[in-house]
Amino acid sequence: MSNRRNNRARQSSGNGLTYPDEEPNPTQSMRDRSRAVAEREASRLARPDQATSARTLGHASKSKSAVMSTPLGNMILGRNSSPGVRSSADEHEWCGPFSVARQMIAAREEAKRLREEQQAQAEKPGSKEQHPLDEAMEMVELERKRKENPSMNWISRHNRTAAVVLESFNYYAKRRKRFHRQKELAGLGSNTVPSLFQLCINFLVNNFDHVDSLGVVDHSIRRALCESLVAKGKMNGAAFDVLAEMGVETLQLIDCAQVTQDQMCEALQSLLPSGLRAILLKHCGRCFGSKAVKTISEIEDLELFAISLSGAYLLKDEDSAKLIASTSRTLSSIELVACPLIGIHFCNALGEHFSSSLDASVCVGCLLELSLEDISLTKEALLSLGASSDSLRKLKSLRLKSIEGLDDEVVSIVLGSIVEGPLEGIDLSSNPSLTDDILSSIRRCNFNHSLRSLQLSGLKNLTAIGLEAFFTDIPDLPPPPMLRELDLSNCSYDEINDTVVTLAAKASSFKRSLKDFTGGEFDITSNPEQFDANVIHSMGLVHCNIAGSSVSDKSMEILAVCCKSSLEELDVSSCANISDKGLGYLVSKLGSQFSKIHVWGMAQLTEEFFDGHDRTEDGGLEIVGIWMKKSGGRSVR
């Protein structure tokens, strides 16, 4: 055995190569299996879009692989071997799956290059047989597309003049200039003179330490002062005492982080008997807890009609039930956001104290608005809202956003309990378990045709078929809602398409007596301008959010016709199929009420739209996301 090792060492030192033993190796089969597994995984990594082939892949070539799976591999295997000669050691050298993947990727790129060269060669003039009428047929086809898609006829303002001024190619400077020009036109530039109202607010905030009382001022002024105090870091306990002075009807604070619970209780003890009607508090986790609820429940003859609490992490479930019991006589609007301790006791209190089955001698309140967001309610607690009583019978606005136990069954029962009230707004955003089944429940609850706002953002399980049926007239169901606000953002990319937007815009603005509408026939490929006579210009979408969808310029053409005099705000962020011509055509057709458009993530837009739309000199149109990444890789920030 020692002689065999010496002979092998001498051979290795002679030519720099290592040869396997002449005798059969008992582990050879295991090595072959390991090699097959490695090559199969390498094939999967290199071409994940194709199914793995059952055959054994060929061995990797070190001439195409940039790395070795073993250190100093090239030094051990063939220092003297020429690059063009494959040694016998290559058959047994272990190269690893990454090298095989690199080789396959290189081969794929080479095949792609050859394919592109062949295609370019085939497209050269004279490379294929041409007919004399080919050019005429292409012109006819282009003319047909222009008739069906009027946005293709839109021309940028830069191209309308004969002389085009050559501008700098510094994209950063151009877009910075555009951004500042937009701010100046909107009255927000650095050289803009502030309004008298803003000057007074700034003066009061800068000297708020010396203010003892604001006197009789409007609620909007107190809110503006609070916002400015929070922005400048001056919202403390002393400022709270001034804002919450005797006689105010609405206590609205956008940040209560510096207010203690004792201060809040003292303020409520003095404000509630004097006619406080609304409590609107954000970030009130520190100041609103059991003590505040006890203070409110001990006061008789309350006139509260609205309670909005955000971030009340000290508010327990039992305390929330006590709060509902003590204020239900006059309370009509409830909003709770990010209150983690709220549970079934709160839901039971709503069903008990707002039910019409109470004793006739008891004054029963009427709940008109219910908004719950980011609360861990169970399905059992949610079912008690609609199944146990008719507490939601007259609801006008329902918002159940990011609720843990919300599903299709809960939505059906809750919406089915609204039998009297004209339901005007529904928000079921950020509930990923909801499916198309909720759409039929929404259609059925719109029996009095009052639904105007529908927000279904982030519902990934909604399909295009379900949404098309929702916006189509169906026998035995109420007609599609004539919405003023629609939010279908961040749903499944392929499901929110041109057909869905077309049907939604048509339902919001078309005359209901038309046979074209009731029959549900609408050719999406036809020119939308021919339907202008069928549109009720006083109706139509006002706010539309279709961010993250697959809509194209066709949807912009539809909105330009159906919402010509109504659309005020549009969000098309991350819509890769919308071009400069589509947005330019939309802006040119809409009225002056159109004030804001969101274009975040749309790197395909160029100066043709940003500097060439019809309202570049009009300060009334704000383009949010105008500072974008230039298509091609250059950053403007």
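Everything numeric in this text was worked out from a predicted model, so none of it was measured.

1. Concerning the overall build of the protein
No. 1: The number of helices and strands found in the protein is 23 helices and 13 strands.
No. 2: In the protein, buried positions account for 42% of the 637 residues.
No. 3: Within the protein, counting contacts between residues at least 6 apart in sequence, those at least 24 apart form 80% of the total.
No. 4: If you sum the accessible surface of the protein, you get close to 33,500 Å²; carbon and sulfur atoms cover 52% of it.

2. Remarks on the pattern of salt bridges
No. 1: Enumeration according to the criterion identifies 13 salt bridges in this entry.
No. 2: Among the salt bridges present, the one from arginine 222 reaches glutamate 245, with a minimum N-O distance of 2.8 Å. Taken together, the residues arginine 222 in helix H9 (residues 219–231) and glutamate 245 in the loop between helix H10 (237–243) and strand S1 (250–253) connect sequence positions 23 residues apart. The burial state of arginine 222 is the same as that of glutamate 245; both residues are buried.

3. What about the packing of helix H14 (residues 344–353) against helix H15 (residues 379–387)?
No. 1: Where H14 meets H15, the axes come as close as 8 Å, and the angle between the chain directions of the two elements is 5°. Put simply, H14 runs roughly parallel to H15. Across the interface between the two elements, Ile344, Cys347, Asn348 and Leu350 from H14 touch Glu380, Ala381, Ser384 and Leu385 from H15.
No. 2: Looking at the contact of H14 with H15 residue by residue, the classes come out as 5 nonpolar, 2 polar and 1 charged.

4. What to know about a negative patch on the surface
No. 1: There is a patch of like negative charges on the surface, built from Glu249, Glu300, Asp301 and Glu303.
No. 2: Looking at where glutamate 300 falls in the secondary structure, it is placed in the loop between helix H12 (290–297) and strand S3 (306–310).
No. 3: Among the residues examined, glutamate 300 registers a relative accessible area of 68% and is labelled exposed.

5. Quick notes on the pairing of S3
No. 1: Here S3 lies mainly inside the structure; 5 of its 5 residues are buried.
No. 2: Of the two faces of S3, the one carrying Ala306, Ser308 and Ser310 and the one carrying Ile307 and Leu309 are both buried.
No. 3: Across 5 bridges, strand S2 (residues 278–282) lies against S3 in parallel orientation. Counted as the bridge partner of lysine 282 is serine 310 from S3.
No. 4: A crossover links S2 with its parallel partner S3, the connecting element being H12, and its sense is right-handed.
No. 5: As paired strands, S3 and strand S4 (residues 333–337) are joined by 5 bridges and run parallel to one another. Looking at S4, one finds that leucine 309 is bridged to leucine 336.
No. 6: Assessed by its sense of winding, the connection that carries the chain from S3 through helix H13 (residues 317–327) to S4 is right-handed.

6. Describing empty space enclosed by the protein
No. 1: For the structure on display, the rule yields 5 cavities of 30 Å³ or more.
No. 2: When its volume is computed, the second largest cavity comes out at roughly 70 Å³.
No. 3: Taken together, His219, Arg222, Arg223, Leu243, Val248, Thr250, Leu251, Gln252 and Leu253 make up the full set of residues lining the second largest cavity.
No. 4: Only H9 and S1 provide two or more residues apiece to the lining of the second largest cavity.
No. 5: In terms of residue count, S1 provides more of the lining of the second largest cavity than any other element does, 4 residues in total.

7. Points about unusual backbone geometry
No. 1: In the Ramachandran plot, aspartate 374 falls in the positive-phi region, its phi being about 55° despite a non-glycine side chain.
No. 2: Of note, aspartate 374 is situated in strand S5 (residues 369–375).
No. 3: The backbone of serine 430 sits at a positive phi, close to 60°, despite the residue not being glycine.
No. 4: Among the structural elements, serine 430 can be located in the loop between strand S7 (425–427) and helix H17 (437–445).
No. 5: Among the residues examined, serine 430 registers a relative accessible area of 35% and is labelled partly exposed.

8. Description of the side chain of aspartate 427
No. 1: Secondary-structure assignment places aspartate 427 in strand S7.
No. 2: Among the polar contacts listed, one links the side chain of aspartate 427 to the side chain of serine 429, at a separation of 2.8 Å.
No. 3: Not counting the four nearest positions on each side in its chain, aspartate 427 is found in contact with Leu398, Arg399, Leu400, Lys401 and Gln455.

9. Remarks on the packing of H13 against H14
Geometry of a packed helix pair, given as the angle between the helix axes and the separation of the axes.
No. 1: With their axes 7 Å apart at the nearest point, H13 and H14 run at an angle of 15° to one another. Here H14 runs roughly parallel to H13, going by the angle between their axes. Here H13 and H14 pass one another in a crossing that is right-handed. Residues Asp317, Glu318, Ser320, Ala321, Ile324 and Ala325 of H13 lie in contact with H14, whose contacting residues are Ile344, His345, Phe346, Ala349, Leu350 and His353.

Criteria and thresholds
- Residues numbered from 1 in each chain as written.
- Predicted model: local features only at pLDDT ≥ 70, side-chain atom pairs only at ≥ 80, totals over all residues.
- Heavy atoms only, no water.
- Helix = DSSP H or I, 4+ residues; strand = E, 2+ residues; numbered from the N terminus.
- Buried < 20%, exposed > 50% of the residue type's maximum accessible area, 1.4 Å probe, protein only.
- Contact = heavy atoms within 4.5 Å.
- Areas by Shrake-Rupley, 256 points an atom, 1.4 Å probe, with all protein chains shown as cover.
- Salt bridge = Lys/Arg side-chain N within 4 Å of Asp/Glu carboxyl O.
- Axes fitted to C-alpha atoms, helices over the stretch in contact; angles between N-to-C directions.
- Parallel < 35°, antiparallel > 145°, perpendicular 65-115°, else oblique.
- Nonpolar A, V, L, I, M, F, W, Y, C, P; charged D, E, K, R; others polar.
- Patch = residues over 30% accessible without salt bridge, like charges linked within 9 Å, V, L, I, M, F, W, Y side chains within 5 Å.
- Lys, Arg positive; Asp, Glu negative; His and termini not counted.
- Charge placed at Lys NZ, Arg CZ, Asp CG, Glu CD.
- Pairing = 2+ DSSP bridges.
- Right-handed = clockwise from strand over helix to strand, strands pointing away.
- 1 Å grid on protein atoms, 1.4 Å probe; cavity = no way out; pocket = protein on both sides within 12 Å on 5 of 7 lines; lining within 4 Å.
- Points joined across faces, edges and corners; volume = space filled by probe spheres on them.
- Polar contact = N/O pair within 3.5 Å; in protein donor to acceptor, adjacent residues only side chain to side chain.
- Left-handed = near helix turned anticlockwise from the far one by under 90°.

Just geometry here; none of it tells us what the structure is for.
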